[in-house]
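Notes for the structure review
Here's the letter readout for the chains.
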Amino acid sequence: MPNPPCLVFGPRRERLRAWARESAAFFTVVNYEQMRADSLDVNSRLQPDVVVLDEAQRIKNWSAKTTQAIKRLRSRYAFVLTGTPIENRIDELYSLMDFVDPLILGPLFRFNREYYELDVKGRPAAYRNLAALQERIRPRLLRRRKADVESELPDRTDKIRFVPLSPVQRDEYAGHEAQVARLSAISKRRPLTQQEQEKLMRELAMMRMVCDTTFILHPDDRTCPKLEEVQKILDDCRENDAKVIVFSEWERMLELVRDACKRLKLGYAWHTGSVPQQRRRAEINAFKSEPSCRVFLSTDAGATGLNLQAASVVVNCDLPWNPAKLEQRIARAWRKYQTRAVTVVNLVSEGTIEHRMLETLAHKRALADGLLDRLGNLAEIKLKSGGQAFMARLEQLMSAAPARPAAALPPLTTDRPLGFAQAVRERINGALIHCEERYPTEGTHSVLYVVLEGEASKWRPTLEELHREFFGPGHSDPLAPVRLEVMDRASHEALSRLVEAGLLSQTQRGSRLLFPGAPVEAPRALTAEEESRRTALRATAARKLRMASLLGEAGMDDEVRAPGLDGALALARALAIEHRLAEPSKPEEAVSALLTRAWGPAWQPVLRFVQDPTSPWKPAIDVLQVLAAESTSEKSLPKRATKGNL
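Source: prediction; values computed, not measured.

**So, the packing of aromatic side chains**
Aromatic rings in a pair are described by how distant their centres are and how their planes are angled relative to each other. A full pass over the atoms with the stated rule returns 8 aromatic pairs. On the numbers, 5.1 Å between centres and 55° between planes, the contact of Phe-111 with Tyr-115 is tilted. Here Tyr-115 and Phe-111 lie together in helix H6 (residues 108-115), a separation of 4 residues that amounts to about one turn. You'll find Phe-111 and Tyr-115 in the same group, each marked buried. Relative to Phe-471, the ring of Phe-470 lies with its centre 6.4 Å away and its plane at 40°, an arrangement referred to as tilted.

This is the structure:
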C-alpha cells in the first residue's frame, strides 16, 4: 500500500506527538472522542487539507461538545458521510450542513425563522417551507438510497411477530406504566421539573426493558416470552444453514439469548459495549469466517460500521425509538456483496408501548424520505417534537384508544358504578331489570353485571358507550378496572338455575346491588379526631419511606426493610381511616388485604417486598411513595370497598 493510513490513539501526550509526527502522512484516522480535546492541536500541527466525517450523525446535535469540537477543525474541503442525516428533526440536517458550508443555511436563528412556525413563546410548533429547504441543500447533497442500487441487493423480507407478555411481565409493566401515567397527568397541570423529567424517561425505558424480559431489572427472574421466539428462529436457521444477527439495546436480554445458544450448541460472537475494542475485531472475524459461529449477538454498539454479509437473518428483540437506527441494524447484513435473501424479524410485545411505537417510527421515516428523497407530500409532515408535543405523543403511546376531549366527558358521581346504573336506567327506557357490581375471586377488577329485558344485543352498544363515559381514559383506575357484562333475562335465569342446581359455582368474593335498590348514602365526613390521625399516619408513612429510599440509595440494602415495612403499614392505616375500614395491624395484612386489592398489579413489587426479604427494595418503595404523595380523595381506594368484601 503506497500511502498507508496513520492511526492516532492513546493518552493525550502520545497523541500530541503523533499530530506533529504524522503531518507528512497522507491519511490520518482518528475517532470523534479525541477531537473534544485535540481539535485545536490538529489545526496547528496537522493542518489537514480535507476532513472526512464517517457516521456523521455523530454531529447532529449542534450544541453537543463533540459537535462543537469537530466544527473547530479547519480545512479547504470537507465531506460528511452518513446514512441517516435526519433521525428526528431538521435541526440535525442543519448541523451537518453547517459543517460542510455555513453559508448554505446561515445562522441558526434565521434557519428556525424560515423553516419553523414558532408559537408565541418562540418555540417550534410546525414545519414550513420544506420544499424550499430541499432545493437549497440539493446542490451539496449526493443521496444514494438502497432503492437506487436494489438491483445489486438481494430480496429483503420484513416480519413482525407479536409476542404476549407473561403474567409476571404484565405486573411489572403495569407498575411502571402507572408511574408514567402519573407524571403525564402532572405535566397537564404544570411543566415537569428536571427530576420528574428524568424519572419519566427512566420509567419509559423500564417499560421497554420489561417488554423484553424482567431479567433486565430483576436478575433472579428470567421470564422472557421473546426468548421462545428467538429459539424457534435459531432452530430454523440451523436447519437452513443460515447465520443470524440478534440485536437488543440491553445486554441482559442478549445474555438470555447467549444461554439459549449454549443449550442449542450453536457457536456465537459477542459484540457489546463491554467488549474491549481489540477483542471486538476477533469476534467479528470469527463470525465471518468460522462455520461453527452461527449467531452474532450485538447491542447498538454494533449497529453501525460493520459488514456482516455472512448473516442472512436479522432479529430485533426490541425496536429503537428511531427508524434510522433500525435501518442501521439491518444494513449490517442487507448490503452490497450479500448473496442471500435477507429476512428481518422484529419482535414486538403485544398491547404495549412497543406495539404503539410502530406509528412513531413510520412518522420519523416519512420526514427523512420527504425532505431528502422527495417522497410523499412535504406539506403533510407535521412537527412532533418539543416538551409539550412529546407529552402529547406520550399520552397517545400510553393509550390504546384516542382519549376523548375533556369537555366531552360528563360530570360523574363519586360512586361511578352507582352512577352508571342510574344512567342505564334513564337511557334505556325501563329495559333494565337488574344491575350489580361483582368482585371476582381472582384479579383486581370488578364486573358490572347488567340484566336486560329482551335482546341484549340491541342495547349493548348503548351500554358500552355509557361504560366508556364512566370508566374510560381519565376516569377509571387502570390498575383496578371496572368491566362490563350484559345479559338478557332468559340467559340470566338459566345461569341462576344452574348455580342453584350445583352445576355451576360462582367464583366471586362479594357483590353489591346497584339496581333495583335504595340509593347509597354519601359517606360521612371524617371527624376531627379521624382527620388528625389520618394526617399523622400519612406523615409517618412519607418519613419512613423517604428514610428507606435514602438508605437504599446509599447502598445499605439490608437496612431498607424495616422503615419500608413501617411506611407501608402507616400508609395502609391512613387509607383505612379515609375509607372507614378496619385498620391492619401487620404489614402482611396491610398489603394482602388492603393495598393489593385496591391497586392491583402495581402492588406486586410491594407484595414481594413484604413477603420475601431478598426481593429488590426499589420497585416497592417507589410504588409506596407514589401513593403517599397522592391526594386522599377517590384516588386512594375505590368507594365500592366495604368491610364485607375486604
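**Some remarks on the side chain of Arg-329**
Along the polypeptide, Arg-329 turns up in helix H13 (residues 323-330). Assessed through its relative accessible area of 0%, Arg-329 is described here as buried. There is a polar contact of 2.8 Å between the side chain of Arg-329 and the side chain of Asp-300.

**Topic: helix H11 (residues 251-264)**
Its 14 residues place the ends of H11 20 Å apart at the C-alpha level, agreeing with the 20 Å of an ideal helix rising 1.5 Å per residue. Every buried residue of H11 is accounted for by Met-253, Leu-254, Leu-256, Val-257, Ala-260, Cys-261 and Leu-264. Buried residues in H11, looked at end-on, bunch into an arc of 150°, giving them a common side. As for H11, its buried residues are in contact with helix H9 (194-212), helix H10 (225-239), strand S8 (244-247), strand S9 (267-271) and strand S10 (293-298). Just past H11, the residue Lys-265 takes up positive phi, approximately 60°.

**Quick notes on unusual backbone geometry**
Here the residue pair Phe-515 and Pro-516 is connected by a cis peptide bond, since its omega of -10° sits within 30 degrees of zero. Structurally, the position occupied by Pro-516 is in the loop between strand S16 (508-515) and helix H19 (528-553). Positive phi values are uncommon outside glycine, yet Asn-129 reaches one of about 55°. Accessibility expressed as a relative area gives 39% for Asn-129, which makes it partly exposed.

**Some points on the pattern of salt bridges**
For the structure shown, the criterion picks out 30 salt bridges. The salt bridge involving Arg-329 is made with Asp-318; its shortest N-O contact spans 3.5 Å. Placement of the pair is Arg-329 in helix H13 and Asp-318 in the loop between strand S11 (313-316) and H13, with a sequence separation of 11 residues. The salt bridge partner of Glu-437 is Arg-512, with a shortest N-O separation of 3.2 Å. Taken together, the residues span a long stretch of sequence, with Glu-437 in strand S13 (residues 432-440) and Arg-512 in strand S16 at a distance of 75 residues. A single salt-bridge network, built from bridges that share partners, covers Arg-12, Arg-15, Asp-38 and Asp-41.

**Thoughts on the environment of Arg-252**
Assignment of secondary structure puts Arg-252 in helix H11. Its relative accessible area of 28% is what places Arg-252 among the partly exposed residues. Spatially, the C-alpha atoms of Arg-252 and Leu-217 are 8.9 Å apart, while their sequence positions differ by 35 residues. Residues contacting Arg-252, with those up to four places away along its chain left out, are Phe-215, Ile-216 and Pro-219.

**Quick word on the environment of Ile-104**
Among the secondary structure elements, Ile-104 is positioned in helix H5 (residues 102-105). Separated by 36 residues in the primary sequence, Ile-104 and Arg-140 have C-alpha atoms spaced 8.9 Å apart. Look past the residues within four positions of Ile-104 in its chain and what remains in contact with it is Met-97, Arg-136 and Arg-140.

**Some remarks on the state of the cysteines**
Here the structure, examined in full by the defined rule, presents 0 disulfides. For the unlinked cysteine Cys-317, the closest cysteine sulfur is that of Cys-224, found at 7.4 Å.

**Notes on the nonpolar core**
Counting residues in hydrophobic clusters, the biggest one holds 31 residues, and the most contacted among them are Leu-234, Val-246, Val-257 and Val-315. Per-element accounting of this core gives the leading share, 7 residues, to H11. In this structure Val-257 touches Leu-227, Val-230, Val-246 and Leu-297, once residues within four positions along its chain are discounted.

**Comments concerning the sheet that holds S8**
Read from one edge to the other, the open sheet built from 6 strands follows the order S7-S12-S11-S8-S10-S9, with strand pairing classed as parallel. Only two strands of the sheet have a single neighbouring strand rather than two, namely strand S7 (156-163) and S9. The sheet shows a mean angle of 20° between the axes of neighbouring strands, direction not considered. The pairing of S8 with S10 spans 4 bridges and is parallel. Among the inter-strand pairings, Val-246 is bridged to a residue of S10, identified as Leu-297. Contacts from helix H12 (residues 277-289) reach S8, S9 and S10, with the element oriented near 140° to S10.

**A few points about a nonpolar patch on the surface**
Taken together, the side chains of Val-50, Val-52, Tyr-77, Phe-79 and Leu-81 make up a nonpolar region of the molecular surface, amounting to roughly 470 Å² of accessible area. When residues of the nonpolar patch are traced back to their parent elements, those giving at least two are strand S3 (50-54) and strand S4 (77-81). Here the element with the most residues in the nonpolar patch is S4; it accounts for 3 residues. When you line up the elements, Val-52 lands in strand S3. With a relative accessible area of 48%, Val-52 lands in the partly exposed category.

**Some remarks on the packing of H6 against helix H7 (residues 130-137)**
Contact pair H6 / H7: the axes reach a minimum separation of 9 Å and the direction vectors enclose 135°. In terms of orientation, H6 lies oblique with respect to H7. Across the interface between the two elements, Phe-111, Glu-114 and Tyr-115 of H6 pack against Ala-132, Leu-133 and Arg-136 of H7. Split into classes, the residues belonging to the contact of H6 with H7 amount to 4 nonpolar, no polar and 2 charged.

**Side note on the confidence of the model for the chain**
Here the chain shows a mean pLDDT of 78. Residues at 70 or above account for 80%. Per-residue pLDDT, averaged within each element of the chain, yields its smallest value for helix H15 (residues 387-398) (54) and its largest for S8 (95). Here residues 400-414 is a poorly scored stretch, pLDDT under 50, and it has 16 contacts once near neighbours within four places are set aside; other chains count. For residues 631-646, every residue scores under 50 in pLDDT, and the model assigns this stretch 46 contacts once sequence neighbours within four places are set aside.

**Overview of helix H18 (residues 489-500)**
Here H18 spans 16 Å end to end across 12 residues, near enough to the 16 Å set by a 1.5 Å rise per residue. The backbone nitrogen of Ala-490 lies 3.1 Å from a side-chain oxygen of the residue at the head of H18, namely Asp-488. Where H18 ends, the next residue or the one after it, Gly-502, has phi of about 80°, a positive value.

**Let's talk about the packing of helix H20 (residues 561-578) against helix H23 (residues 618-629)**
Contact pair H20 / H23: the axes reach a minimum separation of 11 Å and the direction vectors enclose 30°. Considering how the two elements wind past one another, H20 and H23 form a crossing that is left-handed. In this structure, H20 uses Gly-564, Ala-568, Leu-571 and Leu-575 to contact H23, whose residues at the interface are Ile-621, Leu-624, Leu-627 and Ala-628. Looking at the contact of H20 with H23 residue by residue, the classes come out as 7 nonpolar, 1 polar and no charged.

Cut-off values and rules
- Residues numbered from 1 in each chain as written.
- Predicted model: local features only at pLDDT ≥ 70, side-chain atom pairs only at ≥ 80, totals over all residues.
- Heavy atoms only, no water.
- Phe/Tyr/Trp six-rings, centres within 6.5 Å; stacked < 30°, edge-to-face > 60°.
- Helix = DSSP H or I, 4+ residues; strand = E, 2+ residues; numbered from the N terminus.
- Buried < 20%, exposed > 50% of the residue type's maximum accessible area, 1.4 Å probe, protein only.
- Polar contact = N/O pair within 3.5 Å; in protein donor to acceptor, adjacent residues only side chain to side chain.
- Expected span 1.5 Å × (residues − 1).
- Arc of directions from axis to C-beta.
- Contact = heavy atoms within 4.5 Å.
- Salt bridge = Lys/Arg side-chain N within 4 Å of Asp/Glu carboxyl O.
- Disulfide = S-S within 2.5 Å.
- Core = buried A, V, L, I, M, F, W, Y, C linked by side-chain atoms within 4.5 Å.
- Pairing = 2+ DSSP bridges.
- Axes fitted to C-alpha atoms, helices over the stretch in contact; angles between N-to-C directions.
- Patch = residues over 30% accessible without salt bridge, like charges linked within 9 Å, V, L, I, M, F, W, Y side chains within 5 Å.
- Areas by Shrake-Rupley, 256 points an atom, 1.4 Å probe, with all protein chains shown as cover.
- Parallel < 35°, antiparallel > 145°, perpendicular 65-115°, else oblique.
- Nonpolar A, V, L, I, M, F, W, Y, C, P; charged D, E, K, R; others polar.
- pLDDT = per-residue confidence, 0-100.
- Left-handed = near helix turned anticlockwise from the far one by under 90°.

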